[in-house]
Amino acid sequence: MPYRVTLIPGDGIGPEITEATKRVLEATGVKFEWEIGIVGQKAQDKFGTPLPDEVLESIKKNKVALKGPVTTPIGTGFRSVNVALRQSLDLYACLRPCKTYRGVPSPFKNVDIVIVRENTEDLYSGIEFARDTLGSASLAKLILETTNTKVKEDSGFSIKVISETASRRIVKFAFEYARANNRKKVTAAHKANILKFSDGIFLDAAREVAKEYQNIEFEDVVIDALCMRLVRNPQQYDVIVLPNLYGDIVSDLCAGLVGGLGLAPGANIGDNIAVFEPTHGSAPKYAGQNKVNPIAMMLSSVMMLRYLSEIKIANNLEKAIADVIAEGKSITYDLKTDRSQPAATTSEVADALIEKLKRQGG
Ligand code: NAD
């Protein structure tokens, strides 16, 4: 039986990396039936909404989706499809492994960090009050009455929401992940010294949940200190669990430590649905050039294969990717140190991987 998977090519560089990844997945021998989902500006133009119900229904039915990046208009326009998708499907855990592969230009070696980012609340709750509106005026009034603080009249508000329920759930996920994957340590990052009523809840929940996992080391760290330590000595970290905004930022930081966004995969996981997508965005300036690195999306598909319990195939594909990177011939511009040879194109990376997989099979 083929796996039915919702395939969302996205926009910008999304369609080209999706096509490259699809070809490689099909070369693994695993059978897929793809259900294509259109979202973002294209869906807005065609169906009047950037996230059609049809796409959500397809993911709910298939339980698994592979997704390319989707552009979010900045400042105005529709809200992020990526955030809406995670919230609508309650994909509360964002899993982003950051690992050094041999041959990748990076000052660091032997980094193997897994970021576990809370995916549904915090400053991404979507509760915002634009300046000069009834909502912002009412909120300013409430703040004055309850805290005796007068905010400036030209203020807008984005609300940071942290609940004990979501905090416990994500920290539990991080520990369960650590246990299942033989990881030794979980670090919880926060800013509870300043944000006592939001990050304070996250920190308390993390400390409580940690007591249930005596065999796994636990530590907590203030987010700014974590960033400094990560760039000095990233090898000291194993699994890091964070609220949504810090998780977003720190996963890009960690991607930078291991060679850049072109190598950083991700998964958004709920209780019985998962959407796999690279950490990076739609990089519009490179769209349509067949130039960018498809490996972050391919490594996301490796995570998808593991989720589907195709462990051997996932390991083979990850090994093929690691070999192609280490050989340094069929790699895109972002991984190139030797400029004497031209960089490979997106589709040439896929060709090289398909060739490797064929040889593995033989
Ligand atoms: P971005 O990740 O798209 O690109 C930043 C830079 O990183 C690029 O200019 C490029 O130099 C590099 N880069 C990214 N992906 C690469 C790849 N595969 N290979 C080689 N280099 C790569 O970030 P941005 O420019 O801030 O965002 C562009 C758009 O993407 C925005 O609309 C943003 O909202 C959206 N976005 C979407 C997602 C998602 O779909 N999950 C995630 C992040 C950003």
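Before reading further, recall that the structure is shown in the block above.
Residues numbered from 1 in each chain as written. Predicted model: local features only at pLDDT ≥ 70, side-chain atom pairs only at ≥ 80, totals over all residues. Heavy atoms only, no water.

Chemist: Can you break down the overall build of the protein residue by residue, with the values?
Modeler: Secondary structure assignment for the protein yields 12 helices and 12 strands. For 362 residues, the compact-globule estimate of 2.2 N^0.38 gives 21 Å, and the C-alpha radius of gyration of the protein, at 21 Å, lies within 12% of that figure. Over its C-alpha atoms, taken along the principal directions, the protein stretches across nearly 75 × 50 × 45 Å. Buried residues in the protein amount to 51% of all 362 residues. (Helix = DSSP H or I, 4+ residues; strand = E, 2+ residues; numbered from the N terminus. Rg over C-alpha atoms; globule rule 2.2 N^0.38 Å. Buried < 20%, exposed > 50% of the residue type's maximum accessible area, 1.4 Å probe, protein only.)

Chemist: Help me get a handle on the nonpolar core, residues and values and all.
Modeler: Across soluble globular proteins, you tend to see nonpolar side chains buried next to one another. Judged by nonpolar contacts, the single largest core of 67 residues is most densely connected at Phe 32, Leu 66, Leu 95, Val 116, Val 241, Met 304 and Ile 321. Ranked by residue count, the leading element in this core is helix 10 (residues 295-307), at eight residues. Formed by 18 residues, the second largest nonpolar core is a distinct cluster that contains Ile 113, Tyr 237, Ile 240 and Cys 254. (Core = buried A, V, L, I, M, F, W, Y, C linked by side-chain atoms within 4.5 Å.)

Chemist: Describe in detail the pattern of salt bridges, supporting the description with residues and values.
Modeler: Inspection of the entire model under this criterion finds 30 salt bridges. Between Arg 168 and Glu 164 there is a salt bridge, and its shortest N-O distance comes to 3.8 Å. With Arg 168 and Glu 164 both in helix 6 (residues 164-180) and four residues apart, the pair spans about one turn of that helix. The partly exposed category is assigned to Glu 164, whose relative accessible area is 48%. The salt bridge involving Lys 319 is made with Asp 323; its shortest N-O contact spans 2.8 Å. Placement of both Lys 319 and Asp 323 in helix 11 (residues 311-327) is noted, with a separation of four residues, approximately one turn of the helix. Via salt bridges that share partners, Arg 4, Glu 33, Glu 35 and Lys 61 belong to a single interconnected network. (Salt bridge = Lys/Arg side-chain N within 4 Å of Asp/Glu carboxyl O.)

Chemist: Describe the site of the ligand, naming the residues involved and giving the relevant values.
Modeler: In the neighbourhood of the ligand, 23 residues make up the surrounding shell, with Val 70, Thr 72, Gly 281, Ala 283 and Asn 293 lying closest. Contact between the ligand and Val 70: an oxygen atom at 2.9 Å from a main-chain N or O atom of the residue. Contact distances for the ligand include 3.2 Å between a nitrogen atom and a side-chain N or O atom of Tyr 333. Surface burial for the ligand is 71%, taken as the share of its 810 Å² of free accessible area covered by protein chains. (Near = heavy atom within 4 Å. Polar contact = N/O pair within 3.5 Å; in protein donor to acceptor, adjacent residues only side chain to side chain. Areas by Shrake-Rupley, 256 points an atom, 1.4 Å probe, with all protein chains shown as cover.)

Chemist: Tell me about helix 10, and name the residues and values.
Modeler: If you check helix 10, its first and last C-alpha atoms are 18 Å apart, about what 13 residues at 1.5 Å a residue would give, namely 18 Å. The element helix 10 is largely enclosed, with a buried count of 11 among its 13 residues. Following helix 10 by one or two positions, Ser 309 has its phi on the positive side, about 65°. (Expected span 1.5 Å × (residues − 1).)

Chemist: How would you sum up the environment of Ser 198? Please name residues and give values.
Modeler: One can find Ser 198 in the loop between strand 8 (185-190) and helix 7 (199-210). The spatial distance from the C-alpha of Ser 198 to the C-alpha of Pro 243 is 9.9 Å, given a sequence separation of 45 residues.

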